[in-house]
Amino acid sequence: MSKLADALDWDVAIDAYGTHLSVPDVAATGANGALKRAPRIDAQSVPLFGPPRFVPSWKPFWAKLKTAGLKFPEGIELAPVTAPREEQQAVRPIAPAKPPAGNGEPARKSTRVRPPADALSLEDRLFYLLQPPLESWLRGQELIMPFEPFPYQYEGIAWLFAQKAALLADEMGLGKTMQTITALRLLLRAGQVRRVLLVCPKPLIPNWQREFKMWAEELPVTTVDGDGPRRRLLWQIPGAQVLLANYELVVRDFQEMLKEESALSGQGSGKDLNIDGLGRVLRRVKTPASETGRSTLNDQPPPFLETQASPQSPVASPLSPAPSSLPRFDLVVLDEAQRIKNRDSLTSTVVRGIPRKRSLCLTGTPIENRPEEMASLFEFMGVIPPRSAPDIRQLTRLSQEYVLRRTKNLVMTDLPPRFDRDEIIELSPAQKLAYEQAEKDGVIQLNDMGESITVQHIFELVLRLKQITNFDPLTGESSKLDRLQADMEEIAACGGKAILFSQWTKTIDWLAARLTDVNPLIYHGGIPTAKREPILKRFKEDDKAHLLLMSYGTGAVGLNLQFAGYVFLYDRWWNPAVEDQAINRAHRIGQKTQVIVSKFICKDTIEEKIDKVLKEKRDLFARVLGEGDSTNESLSMNASEIFGLFDLKARTKKGGSKSIGPKPATGQEAA
Amino acid sequence: MSGQKTTAGGCLGFLRVLELDGGGFLGGVLVTNQIGRPLEFQCTTPVKPNRTQVILYGPTLAPFVYSELIGKTLFGRLDIKPQLIIVDQDALLDLRLHVPAQVARLANTKDDVSELPDELKLQCGRHHLSFHSDFPQDRDDAAGLLAALPGDADLREPLERVTEALKETLRTNAVA
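Chemist: Can you help me understand the overall build of chain A in this one?
Modeler: What chain A contains, in helices and strands, is 22 helices and 18 strands. In chain A, which comprises 671 residues, the share counted as buried stands at 50%. Partitioning the intrachain contacts of chain A with sequence separation of at least 6 by distance along the chain shows that 76% fall at a separation of at least 24. Working note: accessible area of chain A is about 33500 Å², and carbon and sulfur atoms make up 55% of it.

So, in structure tokens, the structure goes:
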């Protein structure tokens, strides 16, 4: 048809414009006349033999749809709390969601669970994406909370819910305990975990019990304590969802169970270490000790253990189960996880062997002295191969994925301020005399020791001098006490409460005997555990108890004393992180007033020198925990700094003198 | 996962269909309990009508693809059958013709349901719902079910989760 149309068009064109066909210049043969004629076009009828052949024949057809599905695990149904709580009137439930924007009020922010970076399968990612926003989830559970979580706490809970390996390193006082308990609660309800072990320092057991009661009253928490048979029963009890135990007890019991496991399997001691708690296979390199089977968990830990996992793979996959008789957990939480900062310590070794699927570390100070301490925590979390030694850059990269750290400056813009003031105090005459004499004698003694001097010798002198700055043991004079009494009179007069920290229990007892006007309470390692909780309760509730005297070792971690507005550092600890922990007992969520921190420093004494070193360390600390610093610089108070506290000179044989310093490569470590 | 299909008392389905840039469709349904916790999720692979289907289905294409093709298929695949399916797309209301569960459409504003007779609309908290005109009984049945929800329940939020999940499946497929 198209050819025909073309032909017609051509014909019309010829007629319309009178175009003449050109006459080719050819020889006259008689045949050329045909070229002058217009073509003749005729139409012919074509008979139809039937209906047109193009019949649309179409039926609706759709290929069968493919679908993909995900069924969520059933969570643990927890019995509702039936007993009415006396304080229920005082608590504030989570506020209902605000209506969407449009009525003048901004829409309430909702916090969604995000899939972790290591969740690769679609099923895993959808599991997290399809969880409800935390705000509505918690509201739906009719969770009664003393305080509505802050937005950053919601973020923390969502992050903890999704991470299988996590280090929550929020600065002290930002609510790590509440975030952890709430995340546990949600994990249990979502069927993600069914059995949890929470390990904490012994003094913090009552604190965790109290916090669980407050934030998750319906969660049954079993504290592992009592004698051996009772503990054995508690470890194996099947229905216990949350087990609470202290580090010492965990180490003792798991050591015992590992030994029994080895004996039962007849594999000899040490064989149990071939698999860690995450099921990662460790390879024992043959050494004389291992060949004779002398190495046990009591030994210094195993530099000869290597992993079969590739060093390139950040997480070794579980290859085989851990020893069968050990209690197994879906999640192990380490509170104050800096306890395992030394990866070669017995505590670290045993804790890494606890069979578990998830690992969570809690600490406000992931680095106390050296960045390398984080490697031990990462090894427990299973994000680095056993015995590997990541450098600073690798640690930084791992931190971005597995560490969540927020500081008060960042998130708690409404937290009352903290004022630090250095109280520079002159020694009393008797103290000054005693101090100068002790320093003179001590330095002479050290100089006489010459090259044989060690850091321990210096420490002894430092401690002696620090004790004199606290009070003169001979006369009992103390200018620090005078200043403290003056401050406490003022604090007590206005009904305030203060916490005082000292390095020595002896100083605390000495102070308590001299501060009876303010009814001091004592809380240190010498107080039996059972009596500690009532002391804190009394300090909170007794209007006449204005002062709590605490040791750094016992009182610096985990306690909530936000009703105290004053903190005294009567003497200084070696590590600024520990001092910060102590201060943050008071400067934390719930604090209504400003917190005034008084650091007592005696003028022209060793305390001034220590203060200078601590300030420098604090600066270094901020650099490492912040971003960008990849220098492998030790943050500990190293041997040079300790030697530098005194101008020590050894006499030479020629009658001269030369400076005494630490011997090179002695490996002396920090205080 | 057990293969046994169950009808869970009081659970809700949230169904949404996404239209893709190239003209395809992708649907997902999330079943939750009364407090919004997810129980099951099903989604389809993308489906794209060809030119003939577009021409011949005309304006009925969307209701067909949304309800009969995607919605009915997804409902059939669910192990946990919800009693009430919440949607927020007009074309999904016809799903009611194909499944033995009530289907309620979330209206954007009160005005969207103002023209409807009372037996076809329901207010639940701050939400306004409409029902299929062929099933007026659905309103009362759904009212009984929705009465058990918290007063401030956000019925639109689970649909956002469905959207997020569908986008995630697209992203994952794109990567794969």
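Back to the text.
Chemist: Would you explain the overall build of chain B in this entry?
Modeler: Counting its regular elements, chain B contains 4 helices and 9 strands. Traced from its N-terminal end to its C-terminal end, chain B shows the element sequence β-β-β-β-α-α-β-β-β-β-β-α-α. Taking all 176 residues of chain B together, 52% fall into the buried category. Long-range contacts, defined here as pairs at least 24 residues apart, represent 57% of the contacts in chain B between residues at least 6 apart. Approximately 7700 Å² of chain B is accessible, and the part contributed by carbon and sulfur atoms is 50%.

Chemist: Looking at this structure, I do not really get the interface of chain B and chain A. What am I missing?
Modeler: Often the size quoted for an interface is simply the accessible area lost on bringing the parts together. In this complex, chain B contributes 40 residues to the contact, which on the side of chain A involves 33 residues. Of the roughly 3200 Å² buried between chain B and chain A, counting both surfaces, carbon and sulfur atoms make up 62%. Linking chain B with chain A are 2 salt bridges, by the criterion used here. Counting across the interface, chain B meets chain A through 7 residue pairs in polar contact (both at pLDDT 80 or more). Within the residue set of the side of chain B that touches chain A, elements represented by two or more residues are β4 (38-44), α1 (51-57), α2 (61-77) and α4 (157-175) of chain B. For the side of chain B that touches chain A, the residue count by class is 20 nonpolar, 10 polar and 10 charged.

Chemist: What is the right way to look at the packing of helix α11 (residues 373-381) of chain A against helix α12 (residues 392-402) of chain A in this model?
Modeler: To describe two helices that pack against each other, one gives the angle between their axes and the distance between the axes. Residues and elements named next belong to chain A. Contact geometry for α11 and α12: axes closest at 11 Å, N-to-C directions at 50°. Classed by the angle they form, the pair α11 and α12 counts as oblique. Where α11 crosses over α12, the handedness of that crossing is left-handed. Taking contact as the criterion, the partners of M374, A375, F378 and M381 in α11 are, on α12, L395, L398, S399 and Y402. For the contact of α11 with α12, the residue count by class is 7 nonpolar, 1 polar and no charged.

Chemist: Looking at this structure, I do not really get the packing of helix α16 (residues 479-493) of chain A against helix α17 (residues 505-514) of chain A. What am I missing?
Modeler: All names here are of chain A. α17 packs onto α16 with a crossing angle of 50° between their chain directions and a minimal axis gap of 12 Å. In this view, α16 runs oblique relative to α17, as classed from their interaxial angle. Relative to α17, the crossing made by α16 is right-handed. Only W510, L511 and R514 of α17 make contact with α16, whose side of the interface consists of L481, L484 and Q485. Each residue belonging to the contact of α16 with α17 can be placed in one class, and the counts come to 4 nonpolar, 1 polar and 1 charged.

Chemist: Looking at this model, I keep getting lost on the environment of A:L174. Mind explaining?
Modeler: Counting through the fold element by element, A:L174 comes out in the loop between β2 (165-168) and α5 (176-189). Judged by its relative accessible area of 0%, A:L174 falls in the buried class.

Chemist: Please clarify how unusual backbone geometry should be interpreted in this entry.
Modeler: Only a minority of non-glycine residues have a phi that is not negative, and only a minority of peptide bonds are not trans. Residue and element names in this part refer to chain A. Its identity as a non-glycine residue notwithstanding, E336 has a phi of 50°, on the positive side. Relative to the helices and strands, E336 is located in the loop between β8 (329-334) and α10 (346-352). Not every positive phi belongs to a glycine, and R387 is a case in point at roughly 65°. Checked against the element boundaries, R387 lands in the loop between α11 and α12.

Chemist: Honestly, the environment of A:K480 in this entry has me stumped. Any pointers?
Modeler: All names here are of chain A. Inspection of the secondary structure assignment puts K480 in helix α16. Counting along the chain gives 56 residues from K480 to I424, while the straight-line C-alpha distance between them is 9.5 Å. For K480, the contacting residues outside a window of four places in its chain are I425, T469, N470, Y570, D571, F600, C602 and E607. Of the polar contacts made by the side chain of K480, one reaches the side chain of N470; its length is 2.9 Å.

Chemist: Would you take a moment to explain the side chain of A:S502 for this structure?
Modeler: Residues and elements named next belong to chain A. Within the secondary structure, S502 is located in strand β12 (residues 498-502). Residue classification places S502 among the buried positions, given a relative accessible area of 0%. Side-chain polar atoms of S502 contact the side chain of D571, separated by 2.7 Å. Ignoring anything within four residues of it in the chain, the contact list for S502 reads N470, T507, I508, M550, S551, Y552, Y570 and D571.

Chemist: What exactly am I supposed to notice about the sheet that holds strand β14 (residues 547-551) of chain A here?
Modeler: Residue and element names in this part refer to chain A. In spatial order, the strands read β11-β16-β15-β12-β14-β13; together these 6 strands make up an open sheet with parallel pairing. Unpaired on one side and paired on the other, β11 (418-425) and β13 (521-523) mark the two borders of the sheet. Pairs of neighbouring strands in the sheet enclose a mean axial angle of 20°, with direction left out of account. As paired strands, β12 and strand β15 (residues 566-569) are joined by 4 bridges and run parallel to one another. Opposite A498, over in β15, you have Y566 as the bridge partner. Each of β12, β13 and β14 touches helix α18 (residues 529-541); the most contacted strand, β13, lies at about 140° to it. Docked against the sheet, helix α20 (residues 576-583) engages β11, β12, β15 and β16 (595-602), running at close to 150° with respect to β15.

Chemist: Explanation requested: a negative patch on the surface in the structure shown.
Modeler: Taken together, A:D118, A:E123, A:D124 and A:E401 make up a surface patch of like negative charges. Residue position: A:E401 is located in helix α12.

Chemist: So what exactly am I meant to see when it comes to the pattern of salt bridges here?
Modeler: Opposite charge on two side chains allows them to pair when their charged atoms are near. Residues and elements named next belong to chain A. Applying the stated rule across the entire model yields 36 salt bridges over all chains. The partner of D225 in a salt bridge is R230, with the nearest N and O atoms 3.1 Å apart. In this structure, R421 and E423 form a salt bridge, with 3.3 Å as the shortest nitrogen-oxygen distance. Via salt bridges that share partners, R418, D420, D580 and K599 belong to a single interconnected network.

Chemist: Where do I start with the packing of aromatic side chains in this structure?
Modeler: Centre distance and the angle of the planes are the two values used to describe a pair of aromatic rings. This structure, assessed with the given rule, holds 16 aromatic pairs over all chains. Geometry around B:F135 places B:R96 over its ring, the cationic atom sitting 4.0 Å from the centre.

Chemist: Whenever I open this one, the pairing of strand β5 (residues 242-246) of chain A confuses me. Can you help?
Modeler: On a regular strand, each side chain points to the face opposite its neighbour's, so the side chains alternate between the two faces of the sheet. All names here are of chain A. For β5, a buried count of 5 out of 5 residues is recorded, marking the element as mostly surrounded by other parts of the structure. Of the two faces of β5, both are covered, the one formed by V242, L244 and N246 as well as the one formed by L243 and A245. In this sheet, β5 lies alongside strand β4 (residues 221-223) in parallel orientation, the contact comprising 3 bridges. By the bridge assignment for β5, T222 is matched with L243. Running through helix α7 (residues 228-236), the crossover from β4 to the neighbouring parallel element β5 is right-handed.

Chemist: Teacher, can you tell me more about the confidence of the model for chain A here?
Modeler: Detailed reading of the predicted coordinates is not advisable wherever pLDDT is low. Predicted confidence across chain A gives a mean pLDDT of 77, with 71% of residues reaching 70 or more. For the stretch residues 83-106 of chain A, pLDDT sits under 50, and the model shows 38 contacts to residues farther than four places along the chain or on other chains.

Chemist: Got a minute to help me understand the sheet that holds β8(A) in this structure?
Modeler: Sheets are built from strands that pair by backbone hydrogen bonding, the pairs being arranged parallel or antiparallel. Residues and elements named next belong to chain A. The 7 strands are arranged β4-β5-β3-β8-β9-β2-β10 in an open sheet whose pairing can be described as parallel. A single partner strand is all that each edge strand has here, and the edge strands are β4 and β10 (403-404). When strand β3 (residues 196-200) meets β5, the two strands line up parallel, connected through 5 bridges. Each bridged residue has a counterpart across the sheet, and for V196 the counterpart in β5 is V242. Packing of α11 onto the sheet brings it into contact with β2, β8, β9 (356-362) and β10, and relative to β9 it is tilted by some 155°.

Quick notes on the rules
- Residues numbered from 1 in each chain as written.
- Chains lettered and ligands numbered in written order.
- Predicted model: local features only at pLDDT ≥ 70, side-chain atom pairs only at ≥ 80, totals over all residues.
- Heavy atoms only, no water.
- Helix = DSSP H or I, 4+ residues; strand = E, 2+ residues; numbered from the N terminus.
- Buried < 20%, exposed > 50% of the residue type's maximum accessible area, 1.4 Å probe, protein only.
- Contact = heavy atoms within 4.5 Å.
- Areas by Shrake-Rupley, 256 points an atom, 1.4 Å probe, with all protein chains shown as cover.
- Buried area = accessible area lost by both parts, 1.4 Å probe.
- Salt bridge = Lys/Arg side-chain N within 4 Å of Asp/Glu carboxyl O.
- Polar contact = N/O pair within 3.5 Å; in protein donor to acceptor, adjacent residues only side chain to side chain.
- Nonpolar A, V, L, I, M, F, W, Y, C, P; charged D, E, K, R; others polar.
- Axes fitted to C-alpha atoms, helices over the stretch in contact; angles between N-to-C directions.
- Parallel < 35°, antiparallel > 145°, perpendicular 65-115°, else oblique.
- Left-handed = near helix turned anticlockwise from the far one by under 90°.
- Pairing = 2+ DSSP bridges.
- Patch = residues over 30% accessible without salt bridge, like charges linked within 9 Å, V, L, I, M, F, W, Y side chains within 5 Å.
- Lys, Arg positive; Asp, Glu negative; His and termini not counted.
- Charge placed at Lys NZ, Arg CZ, Asp CG, Glu CD.
- Phe/Tyr/Trp six-rings, centres within 6.5 Å; stacked < 30°, edge-to-face > 60°.
- Lys NZ or Arg CZ within 6 Å of the ring centre and 35° of its normal.
- Right-handed = clockwise from strand over helix to strand, strands pointing away.
- pLDDT = per-residue confidence, 0-100.

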